[in-house]
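Here is how the chains run, residue by residue.
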Amino acid sequence: MGKKQETNADSEYGEPAQYDPTFKGPIKKRGCTDIICCILFMVVILGYIAVGIIAWLYGDPRHVLYPRNSTGWFCGIGPNQDRPNLLYFDILKCATSVNVMATALNGFQCPTTQVCVEKCPSNFWAVGIESYFSNVANVFNQSLCVPSINLTTTTLSVKEIVDKELCPFFYMPTTSVLGRCLPDISALGKIPADFSNIPGLPSSVNDTISIIRNGTGDIVNGFNAREIGVRIFEDFASSWPWILLGLLIAMAVSMLFLLLLRFTAPVMVWVLIIGVLGAGAYGIWHCYWEYDNYKKISATITDIGFTTNFNVYLQVQETWLAFLIIISVVEAILLLTIIFLRTRILIAIALIQESSKAISHMMSSLLYPLVTFVLLLVCVAYWGATALYLATSGGPIYRVVALNSSVGDCGRINGTVDCDPQNFTSADYPDCPFASCIFIKYNDEGLLQRNLFNLQIYNVVAFLWCVNFVIALGQCTLAGAFASYYWAFNKPGDIPMFPLSGGFIRSLRYHVGSLAFGALILTLVQIVRMILEYIDHKTRAAQNPFARFILCCMKCCFWCLEKFIKFLNRNAYIMIAIYGKNFCVSAKNAFMLLMRNVIRVVVLDKVTDLLLFFGKLLVVGGVGVLSFFFFSGRIPLPGSTFRSETLNYYWMPIITVVFGSYLIAHGFFSVYNMCVDTLFLCFLEDLERNDGSLQKPYYMSKNLMKILNKSNKKPKKGKAKD
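Being a predicted model, the structure only gives us computed values, none of them experimental.

A. Seen up close, the overall build of the chain. Looking only at helices and strands, the chain has 22 helices and eight strands in total. Counting only residues that meet the buried cut, the chain has 45% of its 722 residues in that class. Accessible area for the chain stands at about 38500 Å²; split by element, carbon and sulfur atoms hold 64% of it.

Structure representation (structure tokens):
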């Protein structure tokens with residue numbers, strides 16, 4: 001034993017942990033760690049709060065949430081509360097503009113008058129030539145005209161009203177898309193033939209259809225959000241109790257799976273291993289069978305030569321011979337690995353069983369993912385609200401423009417004169433009856449607007465740091481709780497009261513700086529990955545193959561780096577929870593400890609991943625199949641409690657149940673995975689610290705000691721009497 005420790009002491013991965021008679025689990029007397037990083041994190045949080053306050057003071061999300069009419073008023077709120085939809089007088093001008101959806105989302109106005117209306121038009125109508133000699137009150141609809149004109153008292157003629165765009169001279173069936181009345185594409189084929197004779201419209205109905213279809217067809221077809229949204233809402237309203245029942249089943253199955261692992265883990269692991277070997281054996285047999293068949297008919301690769309049709313290569317004996325050799329080699333490697341590493345596989349199984357036992361003693365740990373979820377939800381909501389308010393922080397700028405620059409002196413209006421749409425009147429421009437005050441852009445000349453991009457970058461960086469910190473806090477809290485379980489000599493009697501609360505309080509009181517340090521490192525790597533993705537997206541069309549190869553290699557390297565840092569941080573947080581040291585020391589000690597037991601690490605990691613993957617597959621697949629048979633009507637309920645025929649999209653509840661089941665299973669299994677990792681590090685420390693003597697007994701379970709042929713020495717009866 002002494003010779004083995006002496007050999008390990010000379011190892012390049014550091015000296016083994018030494019016995020400490022005062023160590024009884026997570027150290028209670030500890031101090032604050034990584035104070036500088038803690039202060040920096042607090043400063044960033046205060047700055048983040050300041051950015052949110054500034055965004056809230058200067059931002060106005062109504063610019064995005066509600067459409068705005070030509071006079072600057074929002075539709076659906078304020079004086080237009082009962083008129084939530086925006087009607088474009090001449091939709092053809094919108095259809096021929098750059099992008100109608102950009103208009104709808106960003107507030108850019110089409111070069112035509114817009115008014116807020118209660119309902120979007122649902123029929124075809126136009127001002128015919130004969131209508132120009134009629135009374136205006138009999139021609140136009142008052143609810144679709146600008147509020148400043150009263151059709152019963154106005155002295156303007158029909159032609160003057162049309163020229164000044166005080167009322168629409170035509171409209172067609174429209175559908176409300178994000179509050180904007182856009183043409184109903186399905187009704188274009190029903191345009192009346194007399195529309196070709198309407199002044200202001202193309203002389204051909206087909207031209208009118210083409211302009212509208214090309215300009216707005218993709219938008220209406222792709223974003224008919226309200227109709228689909230209402231149907232989906234109806235499905236959720238009628239099926240939410242059964243969706244909730246499916247999620248409760250997923251939660252019960254996940255919890256039952258984890259608790260039963262202490263009994264079923266050996267059987268499940270060996271069944272999965274035998275299944276993998278059996279699949280490889282079948283692959284070998286199938287490849288040999290295909291090879292033998294093609295060999296009998298003398299189908300060789302020399303008969304077909306080189307071809308880009310790869311299916312042809314599956315019809316020659318050399319291909320199946322290559323597959324046979326490859327699968328046989330892999331099968332042999334797997335079989336030899338299992339034979340030589342069988343003891344380490346047994347250790348991994350024992351640790352999995354011990355983890356299940358630990359969770360059964362601390363059932364509250366299964367609820368902690370709810371805390372992490374709520375904190376992450378707060379981070380996401382704050383980030384989204386701040387980004388929205390920042391994006392709408394600039395005030396709208398209105399300029400005088402000519403809707404038709406070919407008439408009179410309208411060509412002199414160049415769109416540089418500011419105006420107020422609520423007080424603007426075309427009488428100020430008597431030489432240009434088509435003068436109008438429309439929205440141009442949001443103000444980007446103020447101090448806040450000039451730094452808007454920097455504030456959005458700060459918003460993203462602070463958001464990523466906060467999210468990674470919340471995840472780190474959860475890992476450190478769970479590690480402290482499970483470490484308290486392992487280092488309790490007499491279980492469960494020596495387990496401290498409220499170990500989860502104790503781990504949470506210690507993490508917040510002493511180790512905010514260390515958790516923030518690890519989260520910052522991970523955040524920086526994630527930012528680099530985001531920058532690389534942005535560069536790849538922007539330069540994809542202009543890249544040569546060599547540049548794409550370099551960029552792809554960089555993305556792959558930083559992806560691997562992120563995975564490694566997550567692995568290192570996870571184990572560093574475990575050491576922080578146990579010993580209370582700073583991040584760098586904890587990360588170093590954890591890395592050295594793992595490298596001294598690298599084979600055990602690999603075996604445990606793969607066995608655990610295989611088992612938890614099977615568990616997620618069982619939970620998500622089982623609940624998903626059950627929900628499919630239920631919501632598709634294959635499992636009918638007696639009476640009229642619920643009928644699948646009433647659903648518009650029966651797959652929406654199924655997707656909801658499957659996605660929710662995955663989140664629930666992931667939450668439960670992440671706790672279990674953290675428990676396995678914590679107990680594994682404690683187990684490795686236990687092996688290095690103790691030797692089973694009376695002074696240095698092992699803390700591991702009897703099952704682990706049996707696998708390793710170790711035991712704790714019992715005091716002699718004679719000495720016990722003395």
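B. Representation of the environment of N85 within the structure. By secondary structure assignment, the location of N85 is in strand β1 (residues 85-88). Exposure remark for N85: the relative accessible area of 5% places this residue in the buried category. Between the C-alpha atom of N85 and that of V115, which follows or precedes it by 30 residues, the distance is 8.3 Å. Only 2.9 Å separates the side chain of N85 from the side chain of S176, close enough to count as a polar contact.

C. Structural detail: the nonpolar core. Within the largest apolar cluster, 106 residues are counted, with the highest numbers of intra-cluster contacts made by L261, F683 and M700. In terms of residue count, helix α14 (residues 452-486) provides more of this core than any other element does, 18 residues in total. Residues in contact with M700, not counting those within four places in the same chain, are Y486, F683, D686, L687, M705 and L708. Membership of the second largest hydrophobic core comes to 44 residues, among which are L92, L144, F169 and F170.

D. Structural detail: the pairing of β1. Side chains N85 and L87 of β1 all project onto a buried face; the interleaved residues L86 and Y88 project onto the opposite face, where all are buried too. Pairing analysis gives four bridges linking β1 to strand β2 (residues 114-117), with the strands arranged antiparallel. The residue of β2 that forms the bridge with N85 is V117.

E. Inspection of the pattern of salt bridges at higher detail. Applying the stated criterion across every chain, the model contains 11 salt bridges. For the salt bridge of R529 with E562, the shortest nitrogen-to-oxygen distance reads 2.5 Å. Taken together, the residues span a long stretch of sequence, with R529 in helix α16 (residues 512-538) and E562 in helix α17 (residues 545-579) at a distance of 33 residues. We classify E562 as buried; its relative accessible area is 7%. In this structure, K555 engages D536 in a salt bridge whose closest nitrogen and oxygen atoms are separated by 3.0 Å. Of this pair, K555 sits in helix α17 while D536 sits in helix α16, and the two are 19 residues apart along the sequence. On the accessibility criterion, K555 (23% relative accessible area) is partly exposed. When its relative accessible area of 5% is taken as the criterion, D536 is described as buried.

F. Representation of the state of the cysteines. For the structure on display, the rule yields three disulfides. Across the disulfide, C120 is cross-linked to C181 (sulfur-sulfur distance 2.0 Å). Taking the sign of the S-S torsion, -80° for the link of C120 and C181, the bridge is left-handed. Placement of C120 in the loop between β2 and β3 (125-126) and of C181 in strand β6 (residues 180-183) is noted, with a sequence separation of 61 residues between them.

G. Geometry of the side chain of R570. Here R570 is to be found in helix α17. The residues touching R570, leaving out its near neighbours within four places in the chain, are Q475, S670, N673, M674 and D677.

H. Structural context of unusual backbone geometry. Its identity is not glycine, yet D34 carries a phi of approximately 50°, on the positive side. The topology assignment puts D34 in the loop between α1 (2-9) and α2 (35-58).

I. Region of the structure containing the environment of S393. Assignment of secondary structure puts S393 in the loop between α12 (368-391) and β7 (396-402). Between the C-alpha atom of S393 and that of A55, which follows or precedes it by 338 residues, the distance is 6.6 Å.

J. Region of the structure containing the packing of aromatic side chains. Scanning the model with the defined rule gives 22 aromatic pairs in all. Three or more aromatic residues joined by ring pairs form one cluster here, namely F124, F169, F170 and F195.

K. Quick look at helix α18 (residues 583-595). With 13 residues, α18 should reach 18 Å at 1.5 Å per residue; the first-to-last C-alpha distance of 18 Å fits that figure. Turning to α18, its buried residues number three or more, namely F583, S586, A587, A590, L593 and L594. One face of α18 carries all of its buried residues, which in axial projection span an arc of 135°. Its side-chain oxygen placed 3.3 Å from the backbone nitrogen of C584, N582 serves as the N-cap of α18.

L. Inspection of a nonpolar patch on the surface at higher detail. Where nonpolar side chains cluster on the molecular surface, the patch consists of L46, I49, I53, I54, W56, L57 and Y58 and spans about 760 Å² of accessible area. Along the chain, the position of L57 falls in helix α2. For L57, a relative accessible area of 55% puts it in the exposed group.

M. Up close: the confidence of the model for the chain. Mean pLDDT over the chain works out to 80, with 83% of the residues at or above the 70 mark. Within the chain, the element-level pLDDT minimum falls on helix α5 (residues 100-106), averaging 36, and the maximum on α2, averaging 93. Residue range residues 221-226 is modelled with pLDDT below 50. Its contacts to residues more than four positions away, or to other chains, number seven contacts.

N. Spotlight on the packing of α12 against α14. At a minimum axis distance of 10 Å, the contact between α12 and α14 shows a crossing angle of 175°. Judged on the interaxial angle alone, α14 and α12 are roughly antiparallel.

O. Highlighting the pairing of β6. Looking at chain direction, strand β5 (residues 174-177) and β6 are connected through four bridges and run antiparallel. By the bridge assignment for β6, S176 is matched with C181. Following β5, the chain reverses through two residues before pairing antiparallel with β6; L178 in that reversal takes a positive phi of roughly 55°.

P. Fine view of the environment of C437. Mapping C437 onto the fold places it in strand β8 (residues 435-442). Look at C437 and you get buried, because its relative accessible area is 4%. Taking C-alpha positions, C437 is 6.3 Å from V401, a pair spaced 36 residues apart along the chain. Once residues lying within four places of it in the same chain are set aside, the contact partners of C437 are S70, Y398, R399, C419, D420, P421 and F424.

Rules used in this analysis
Residues numbered from 1 in each chain as written. Predicted model: local features only at pLDDT ≥ 70, side-chain atom pairs only at ≥ 80, totals over all residues. Heavy atoms only, no water. Helix = DSSP H or I, 4+ residues; strand = E, 2+ residues; numbered from the N terminus. Buried < 20%, exposed > 50% of the residue type's maximum accessible area, 1.4 Å probe, protein only. Areas by Shrake-Rupley, 256 points an atom, 1.4 Å probe, with all protein chains shown as cover. Polar contact = N/O pair within 3.5 Å; in protein donor to acceptor, adjacent residues only side chain to side chain. Core = buried A, V, L, I, M, F, W, Y, C linked by side-chain atoms within 4.5 Å. Contact = heavy atoms within 4.5 Å. Pairing = 2+ DSSP bridges. Salt bridge = Lys/Arg side-chain N within 4 Å of Asp/Glu carboxyl O. Disulfide = S-S within 2.5 Å. Phe/Tyr/Trp six-rings, centres within 6.5 Å; stacked < 30°, edge-to-face > 60°. Expected span 1.5 Å × (residues − 1). Arc of directions from axis to C-beta. Patch = residues over 30% accessible without salt bridge, like charges linked within 9 Å, V, L, I, M, F, W, Y side chains within 5 Å. pLDDT = per-residue confidence, 0-100. Axes fitted to C-alpha atoms, helices over the stretch in contact; angles between N-to-C directions. Parallel < 35°, antiparallel > 145°, perpendicular 65-115°, else oblique.

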